[in-house]
Amino acid sequence: MSRIIVLDELTANRIAAGEVIERPASVVKELVENSLDAGSTHIDIEVAGGGLKLIQVTDDGTGISREDAALAFERHATSKIREATDLDSVGTFGFRGEALPSIASVARGELVTRPGDKLEGAMVAFSGGRLTELQDAGAPVGTRVVVRDLFFNTPARLKYLKSQAAETTQIVDVVYRLALANPGVSFRMTAEGRLILTTMGNNRVEDALAAIFGQELARETIRMDVSGSSPGIHGLIGKPEIARAGRQYQFFSVNGRVVKNRALGQAVEAAYRTLLPRHRYPFVVLDLTLPPAVVDVNVHPAKLEVRFQADRAVTDAVYAAVRRALKEVELIPRFDAGVVTGGINAGPGQAGPLPGGPMADEQETGETEHGRANPGTFLREAVMFPEYAVRSSGPGEPAAADSGSRGLFGAETDGESSEASFHLVPLGQVFRTYIVAEADQLYLVDQHAAHERILYEDILSRSGSTEVPSQEVLIPEEITVSFRERETLVNNIVTLRDLGFVVEEFGGNSFLLRAVPVYLIGEGVPFFREVLDLLEEESRGTSPAEIRDKVFQMAACRSAIKAGDTLRMPEMVQLLARLAACDNPYTCPHGRPTLVSLGRDELARRFKRL
Ligand code: ADP
Ligand code: MG
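What counts, and where the lines are drawn
Residues numbered from 1 in each chain as written. Chains lettered and ligands numbered in written order. Predicted model: local features only at pLDDT ≥ 70, side-chain atom pairs only at ≥ 80, totals over all residues. Heavy atoms only, no water. Helix = DSSP H or I, 4+ residues; strand = E, 2+ residues; numbered from the N terminus. Buried < 20%, exposed > 50% of the residue type's maximum accessible area, 1.4 Å probe, protein only. Contact = heavy atoms within 4.5 Å. Areas by Shrake-Rupley, 256 points an atom, 1.4 Å probe, with all protein chains shown as cover. Salt bridge = Lys/Arg side-chain N within 4 Å of Asp/Glu carboxyl O. Pairing = 2+ DSSP bridges. Near = heavy atom within 4 Å. Polar contact = N/O pair within 3.5 Å; in protein donor to acceptor, adjacent residues only side chain to side chain. Axes fitted to C-alpha atoms, helices over the stretch in contact; angles between N-to-C directions. Parallel < 35°, antiparallel > 145°, perpendicular 65-115°, else oblique. Nonpolar A, V, L, I, M, F, W, Y, C, P; charged D, E, K, R; others polar. Core = buried A, V, L, I, M, F, W, Y, C linked by side-chain atoms within 4.5 Å. Patch = residues over 30% accessible without salt bridge, like charges linked within 9 Å, V, L, I, M, F, W, Y side chains within 5 Å. Expected span 1.5 Å × (residues − 1).

Some words on the overall build of the protein chain
Within the protein chain, the secondary structure is distributed over 20 helices and 21 strands. For the protein chain, buried positions account for 50% of its 610 residues. Of the contacts made within the protein chain by residues no fewer than 6 positions apart, 70% connect residues no fewer than 24 positions apart. As displayed, the protein chain offers around 29200 Å² of accessible surface, 52% of which is attributable to carbon and sulfur atoms.

Right, dumping it as structure tokens:
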């Protein structure tokens, strides 16, 4: 047994680095937080080799005086707090004085800095925990930290890292989160020489979001500003159309500090319930403002995922605010002026067609010939699955679940929700694509989108939460696959089983399809090939939940009635009734609207009755 010794400082630093600096993304986070703490308005981030070769962060903040420049690399050296009680009111991101020494102990590089009130700056070089140089240096006001050869002296840490591409992805994610939480600061980032992002720093989170995810997505968000109460809640929430297959698009911060917090996510998801199908997650960017005294930021060493104790009052406030914001927006897109043209294929018992519409000639045949020639895929499928309509709301609905919400589908529900209390009356079909229906307003329903939604939710409800149940086929079908298909198939045999496909080798390039997902109607092989294509296309980063969702969307799309299919009145009645029973009747699984409306007032206005 060896004697107990006190570790030397270098060794101690390296151990501490393991906690603070887990991976390249942690370095980026620490350096950017330092830049933010220094009051910077522009922060430039450059990375190469997944951050292992180079991480360079340049800011225009306060800078560090020459006297302090070396001190900044001492453990527990910080300018941000003075004593333990200050911890209760930390207003800065850093406060432990650990980041710079930890980074310096596992990399080589330098810090170049100049405060605004000095004509000359300073440069400190470091390597594996030792300061190798300290000298005067000409520099612009602000600070630049260059980190090279990260983890060069900790091979164990290197081994545990993922591919360079994966580390870059992590860095990008961290920078996105920091930029969204700090829209008042202009961020610029390049990776491997490619420009990844530039934000304006104009304090508009929608502009930061647009810079990251594009103008189109930013447009599909709703602004939220709740102030004057605690917590203040500011940011953007995505319309259901831009919901995602995973939770990685939920950006939360508390007083500008990026946090990951399940309770906040759950509160938001609860507020979207009934607007989103299962396995779809809202897109949100929210910053909460709370007095620093009630936020405990000192709970986690790595701080890459800072936790935050979200208590009931905070999550309830978030739930209520999101709920309110969602209610205020009109979820059904409206007609654009001048869209209503053309005639109507009236169904039986309805008034005749509007005169002169382009479809007027088809009127007669619409009901008879087309109807007979095309028995309607959806009726066939409806006969096979008669057990629709009954649906219960999910568990865990917060106590604050609203009562008496009024919607097109299921008017005046009181928590009971969507048991086909439907009142959309079909009048006929136009362009063999849309169903014209009347309720409180005039509606046009996209028959394909609507049927897709119905089938998609049906598939969801028939599939287990992880594995899709299979049904054995009576006579196993033989499939011959290409070389690439074979590879995909063999590599994904488990995924395929989870998706409900049971496949068996049959020699050479042949396989037997023994079982298919329960929800599948008709031939299994063509659909199976489509799924193989999808698996081949999807990058390895795609989560099983996303794959599954895509497969469900594909299945729904395949079996749904198409534009061009003629529908008879009973089919339309049933389609609308089943749409009404959906959890989210307003959009198809891809997020396109299932229906648009034209209000009574709008009509009156356009006929100059008002
Ligand atoms: P902490 O942020 O917890 O104080 P760090 O090790 O990250 O600890 O930084 C140590 C000190 O160095 C900070 O308290 C700050 O005074 C100074 N510093 C670090 N980076 C910068 C920067 N970009 N601009 C100005 N000062 C900085
Ligand atoms: Mg710091």
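Some points on the pattern of salt bridges
Evaluated as defined, the whole model comprises 22 salt bridges. For the salt bridge of glutamate 602 with arginine 605, the shortest nitrogen-to-oxygen distance reads 2.5 Å. Of this pair, glutamate 602 and arginine 605 both sit in helix α20 (residues 600-606), three residues apart, roughly one helical turn. One network of salt bridges, with partners in common, ties together Glu206, Arg223 and Asp225.

Observations concerning the pairing of strand β13 (residues 284-289)
Counting buried residues in β13 gives five out of six residues, a clear majority hidden from the surface. Relative to β13, strand β11 (residues 250-254) is paired through five bridges, and the arrangement is parallel. From the neighbouring strand, phenylalanine 252 faces β13, where its bridge partner is leucine 286.

A closer look at the site of ligand 1
Around ligand 1, a shell composed of 21 residues is seen, among which Asn34, Thr78, Ser79, Lys80 and Gly97 lie nearest. One nitrogen or oxygen atom from the main chain of glycine 97 is found 2.8 Å from an oxygen atom belonging to ligand 1. Contacts to ligand 1 include threonine 143, whose side-chain N or O atom sits 3.4 Å from a nitrogen atom. Considering ligand 1 on its own, with 530 Å² of exposed area, one finds that the protein chains cover 93% of that surface. If you list the elements that add at least two residues to the shell around ligand 1, you get α2 (24-37) and α4 (99-105). When residues of the shell around ligand 1 are assigned to their parent elements, the largest contribution, three residues, is made by α4.

Notes on the packing of helix α6 (residues 164-181) against helix α7 (residues 205-213)
The N-to-C vectors of α6 and α7 enclose an angle of 160 degrees; their axes lie 9 Å apart at closest approach. Comparing their axes, α7 and α6 come out roughly antiparallel. Residue-level contacts link Tyr176, Ala179 and Leu180 of α6 to Val205, Ala208, Leu209, Ile212 and Phe213 of α7. Grouping the constituent residues of the contact of α6 with α7 by class yields eight nonpolar, no polar and no charged.

Section: the environment of arginine 223
Inspection of the secondary structure assignment puts arginine 223 in strand β9 (residues 221-226). Residue class for arginine 223 comes out partly exposed when judged on its relative accessible area of 38%. With twelve residues separating them along the chain, arginine 223 and glycine 235 place their C-alpha atoms 6.0 Å apart. Sequence-distant contacts of arginine 223, that is, excluding residues within four places in its chain, are made with Val205, Glu206, Gly235 and Leu236. Among the polar contacts listed, one links the side chain of arginine 223 to the side chain of glutamate 206, at a separation of 2.7 Å. Side-chain polar atoms of arginine 223 contact the side chain of aspartate 225, separated by 2.8 Å.

Thoughts on the nonpolar core
Counting residues in hydrophobic clusters, the biggest one holds 59 residues, and the most contacted among them are Ile45 and Phe187. With residues near it in sequence (within four places) discarded, phenylalanine 187 still touches Val32, Leu36, Ile43, Ile45, Val175, Leu178, Ala179, Asn182, Leu197, Thr198 and Thr199. In terms of nonpolar packing, the next biggest core, distinct from the first, is built from 31 residues, Val503, Phe527, Ile547 and Val551 among them.

Overview of a nonpolar patch on the surface
On the surface, Ile5, Leu7 and Ile15 cluster together to form a nonpolar patch covering roughly 310 Å² of accessible area. Mapping isoleucine 15 onto the fold places it in helix α1 (residues 9-20).

Let's talk about the sheet that holds strand β8 (residues 194-198)
Pairing is mixed in the open sheet, where eight strands are placed in the order β5-β4-β3-β6-β2-β1-β7-β8. Every interior strand has two partners, whereas the edge strands, β5 (130-137) and β8, have only one. Neighbour to neighbour, the strand axes of the sheet diverge by 10 degrees on average, direction disregarded. Across six bridges, strand β3 (residues 108-114) lies against strand β4 (residues 121-127) in antiparallel orientation. Bridge pairing links arginine 108 to serine 127 in β4. Of the strands in this sheet, β1 (42-48), β7 (186-191) and β8 touch α6, which is tilted by about 170 degrees from β7.

Re the sheet that holds strand β12 (residues 257-259)
Read across the sheet, five strands follow the order β9-β10-β13-β11-β12 without closing on themselves; strand pairing throughout is mixed. Whereas interior strands pair on both sides, the edge strands pair on one side only; in this sheet they are β9 and β12. When strand polarity is set aside, the average angle formed by the axes of neighbouring strands in this sheet is 15 degrees.

Overview of α6
Between its terminal C-alpha atoms α6 stretches 26 Å, which fits the 26 Å expected from 18 residues at 1.5 Å a residue. All buried positions along α6 are accounted for by Glu167, Thr168, Ile171, Val172, Val174, Val175, Tyr176, Arg177, Leu178, Ala179, Leu180 and Ala181.

So, α7
Burial analysis of α7 places seven of its nine residues in the buried class, which makes it a mostly covered element. Of all the positions in α7, only Val205, Glu206, Asp207, Ala208, Leu209, Ala210 and Ile212 are classed as buried. Close packing links the buried residues of α7 with α6, β8, α8 (215-219), β9, β10 (232-238) and β13. Note on α7: the residue one or two positions beyond its end, glycine 214, has a positive phi of about 100 degrees.

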